[in-house]
Amino acid sequence: MELIDLGASRSFPDLSTLRDASAAWRGTMILGGDPVARARALAGRDLSSEAAIAVELHTECLGLYLGEQEDTVVNVVGFSRYRLGRAAATDLVEVVRTRATSQSVIAAIHALFNGMGLSTAVCADAPGRIVDYLLRPYLNAALASVDEGLAPPEEMDMALRLGLGHPLGPIELLHATGMEEHYRVSSELYEALGSLRFNPARRARARAWRTAIGLD
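Residues numbered from 1 in each chain as written. Predicted model: local features only at pLDDT ≥ 70, side-chain atom pairs only at ≥ 80, totals over all residues. Heavy atoms only, no water.

Time to look at the overall build of the chain. In terms of regular secondary structure, the chain is built from nine helices and six strands. The C-alpha radius of gyration of the chain comes to 19 Å, within 12% of the 17 Å expected for a compact globule of 216 residues. Based on the C-alpha atoms only, the size of the chain along its principal axes is roughly 60 × 35 × 35 Å. For the chain, the residues scored as buried account for 43% of the 216 residues in total. Taking all contacts inside the chain whose residues are at least 6 apart in sequence as the whole, residues at least 24 apart take part in 66%. Carbon and sulfur atoms make up 55% of the accessible area of the chain, which totals about 10600 Å². Between the averaged position of the 21 positive side-chain charges in the chain and that of its 27 negative side-chain charges there is a distance of 2 Å. (Helix = DSSP H or I, 4+ residues; strand = E, 2+ residues; numbered from the N terminus. Rg over C-alpha atoms; globule rule 2.2 N^0.38 Å. Buried < 20%, exposed > 50% of the residue type's maximum accessible area, 1.4 Å probe, protein only. Contact = heavy atoms within 4.5 Å. Areas by Shrake-Rupley, 256 points an atom, 1.4 Å probe, with all protein chains shown as cover. Lys, Arg positive; Asp, Glu negative; His and termini not counted. Charge placed at Lys NZ, Arg CZ, Asp CG, Glu CD.)

With respect to the element layout, Glu2 can be found in strand S1 (residues 2-5). The spacing of Glu2 and Met29 is 27 residues in sequence and 6.2 Å in space, taken between C-alpha atoms. Reaching out from Glu2, the side chain makes a polar contact with the side chain of Arg45 at a distance of 2.7 Å. (Polar contact = N/O pair within 3.5 Å; in protein donor to acceptor, adjacent residues only side chain to side chain.)

Let us now look at the pattern of salt bridges. The tally for this structure, following the rule as stated, stands at 11 salt bridges. In this structure, Arg45 and Glu50 form a salt bridge, with 2.6 Å as the shortest nitrogen-oxygen distance. On the basis of relative accessibility, which here comes to 17%, the residue Glu50 falls in the buried class. Each of Glu2, Arg45 and Glu50 takes part in a single network of salt bridges with overlapping partners. (Salt bridge = Lys/Arg side-chain N within 4 Å of Asp/Glu carboxyl O.)

Let us look at the nonpolar core. One finds Trp25, Met29, Phe79 and Phe113 to be the most contacted residues of the largest nonpolar core, which totals 19 residues. At the level of elements, strand S2 (28-31), strand S4 (76-81), strand S5 (92-97) and helix H4 (103-115) are the ones that each hand at least two residues to this core. Sort the elements by how many residues they give to this core and H4 lands first, with five residues. Apart from residues lying up to four places away in sequence, Phe113 is in contact with Phe12, Leu18, Met29, Phe79, Val93, Leu118 and Thr120. Residues Ile30, Val55, Leu57 and Tyr65 belong to the second largest nonpolar core, which totals 15 residues. (Core = buried A, V, L, I, M, F, W, Y, C linked by side-chain atoms within 4.5 Å.)

Empty space within the largest pocket amounts to approximately 210 Å³. Of all the elements in the fold, those that place two or more residues in the lining of the largest pocket are S4, helix H5 (131-147) and helix H8 (179-193). Among the elements that take part in the lining of the largest pocket, H8 stands out by supplying three residues, more than any other. (1 Å grid on protein atoms, 1.4 Å probe; cavity = no way out; pocket = protein on both sides within 12 Å on 5 of 7 lines; lining within 4 Å. Points joined across faces, edges and corners; volume = space filled by probe spheres on them.)

Following the sequence through the fold, Ser102 ends up in the loop between S5 and H4. Ignoring sequence-local partners within four residues, the contact set of Ser102 consists of Val74 and Arg97.

Residues in a regular strand project their side chains so that they alternate between the two faces of the sheet. A two-sided burial pattern is seen for S2, the buried positions comprising Thr28 and Ile30 on one face and Met29 and Leu31 on the other. Pairing analysis gives four bridges linking S1 to S2, with the strands arranged parallel. Each bridged residue has a counterpart across the sheet, and for Asp5 the counterpart in S2 is Leu31. Summarising the sheet, S2 and strand S3 (residues 53-56) pair through three bridges and their orientation is parallel. In the strand pairing of S3, Ile30 is matched with Val55. Handedness of the crossover is the feature at issue here: the chain leaves S2, passes through helix H2 (residues 35-43), returns alongside S3, and the resulting connection is right-handed. (Pairing = 2+ DSSP bridges. Right-handed = clockwise from strand over helix to strand, strands pointing away.)

If you want it as structure tokens, here you go:
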């Protein structure tokens with residue numbers, strides 16, 4: 001496996017485990033950096049001549065990197081190991097495919113991550129993928145409900161912990177993993193999707209602003 005390390009990978013801060021499993025992926029993997037750096041790393045390659053290319057994603061879509069080739073390139077796949085804010089990386093890797101991605105490439109990336117003891121979930125190329133697409137509206141609704149006076153934060157957290165069996169209520173979860181990070185991700189999804197479900201609630205906006213000016 002050829003690893004193109006652009007720095008500060010959210011999926012694999014320590015690349016040693018990925019290098020140890022490299023025999024399972026006969027291709028190129030682009031990690032870390034920002035979307036511009038990843039796009040430049042991919043742009044210089046002849047996609048038709050490579051066995052497979054995996055690109056680490058943040059909130060952006062894989063199609064951003066493929067452009068007009070999105071419906072014809074069969075050997076490029078996206079991935080992101082899920083992390084909620086500043087929490088540690090989980091054992092879930094969301095694998096992103098386009099309409100053209102071949103099943104053999106999907107099977108190969110399954111083998112790579114499953115061989116590392118991680119679990120994979122395959123989804124279409126959509127902003128937020130699976131977890132953030134479902135989670136961010138839930139967190140925004142909880143924050144907005146506190147603002148609207150439905151219940152104090154501690155009562156809402158207790159109700160959802162006991163009622164749904166969650167280890168943390170939504171407000172506790174946001175404080176533990178970073179309200180400002182929720183604001184960033186939710187804002188990016190709101191910009192991409194335009195749905196009010198992703199529009200950050202007032203409390204998230206206020207916390208992000210206070211953090212930005214150094215008050216929190």
